[in-house]
Amino acid sequence: MTVAEFRDRLADDPVILLPLGSHEEQGPHAPMGDYLLAEEIALRAAKASGAIAAPCLPFGYAEFFRGYPGGMQLRAATFRAVIEDMVTSFLDHDITRLLIVNGHSTNAALIDEALRGLRRRTGVAVASIDLWRSIPDSLWTQIHGPAAAQARGHGGDPVTSVSMYLRPAEMRPDLMRAAVPAQAMGLPAIGVTGVRFEGLPLNLPLDGHELHPDGMMGGDPALASAEAGRLIVEHLTGHCARLVAHLRQHDPRQLNVGAAS
């Protein structure tokens, strides 16, 4: 848009979608950058709902992926500052109906921290949605049946199927391999967040390349498919579009928090 075109749209008090993700490895078979997928889902949701999709922030907080070449990470403080600056760019013009569309789950805690600070300073509550956590169990079961748990994980679904659907030319199916279990301190690893001791979680600051040099931290990409990706994208697009419609009906300065009537 030109600035004049954007200014004309403000008469409708539009919802602005702010897509973001991370530029990181997704296993040896899928293109780096889940931000590419978040951007496309935001654009589709904007088209379906009449919202406006802002440019995508392609970099996120992915400290544990620094050991893989090609990725680009922001430090936690930098990421929080960028989120605050992005949101403030709209709040400065009294554009308050904002929705962050997050395609990298590890961004979530820092997004929450930044948005809570902004609410305290401005009175505006900005919503955010974590895309990959917004896929219901019923859809996982529909797509994968009893193999849903086996399919899910970093390097597996949902990103592999969504990439097969949205960016098939960039996929390398010849490099697909299933994730294998890893350990640290002689204990089974839980992703990069830590290990299990006596069956219970113990937090450890692990790095992905230490555990899984091939980047396959979970899931089996052989179970992924473009059709599964289509179903996931259509669900997330519709979910975000309905959320836009809901946000239009509510003032982000007046949340009416309290007991349900």
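Per an unreviewed UniProt entry, the recorded name for the chain is Creatininase family protein, and the organism is Frigidibacter albus. Listed in UniProt under the heading Cofactor (unreviewed entry), the comment for the chain reads: "Zn(2+)".

(A) Structural view of helix H5 (residues 137–144). Of all the residues in H5, the buried ones are Leu139, Trp140, Ile143 and His144. The buried residues of H5 all sit within an arc of 105° when viewed along its axis, so they share a single face. Across H5 from its buried face, at more than 90 degrees, point the exposed residues Asp137, Ser138 and Gln142. Contact partners of the buried residues in H5: helix H6 (148–151) and helix H9 (226–248). The positive-phi residue at the C-terminal boundary of H5 is Gly145, with phi of around 60°.

(B) Spatial organisation of the domain arrangement of the chain. Domain assignment breaks the chain into domain 1 (3–174 + 226–249) and domain 2 (180–215). Between the C-alpha centres of domain 1 and domain 2 the distance comes to 26 Å. With eight residues of domain 1 at the interface, the matching set in domain 2 holds nine residues. Between domain 1 and domain 2 lies a buried interface of about 570 Å² when both sides are counted; carbon and sulfur atoms form 55% of it. Put simply, domain 1 and domain 2 have zero salt bridges between them. Our enumeration of links across domain 1 and domain 2 arrives at four residue pairs in polar contact (both at pLDDT 80 or more).

(C) Layout of the pattern of salt bridges. Inspection of the entire model under this criterion finds 13 salt bridges. Here Arg80 makes a salt bridge to Glu113, at a shortest N to O gap of 3.6 Å. Of this pair, Arg80 sits in helix H3 (residues 76–91) while Glu113 is found in helix H4 (residues 108–122), placing the two residues 33 residues apart along the sequence. Accessibility expressed as a relative area gives 23% for Arg80, which makes it partly exposed. Owing to a relative accessible area of 42%, Glu113 belongs among the partly exposed residues under this scheme. Its salt-bridge partner being Arg172, residue Asp174 comes within 2.6 Å of it at the nearest N-O pair. Given the relative accessible area of 41%, Arg172 is considered partly exposed.

What counts, and at which threshold
Residues numbered from 1 in each chain as written. Predicted model: local features only at pLDDT ≥ 70, side-chain atom pairs only at ≥ 80, totals over all residues. Heavy atoms only, no water. UniProt positions renumbered as here; feature names shortened; annotations may be inferred. Buried < 20%, exposed > 50% of the residue type's maximum accessible area, 1.4 Å probe, protein only. Helix = DSSP H or I, 4+ residues; strand = E, 2+ residues; numbered from the N terminus. Arc of directions from axis to C-beta. Contact = heavy atoms within 4.5 Å. Domains from an automatic or database assignment. Buried area = accessible area lost by both parts, 1.4 Å probe. Salt bridge = Lys/Arg side-chain N within 4 Å of Asp/Glu carboxyl O. Polar contact = N/O pair within 3.5 Å; in protein donor to acceptor, adjacent residues only side chain to side chain.

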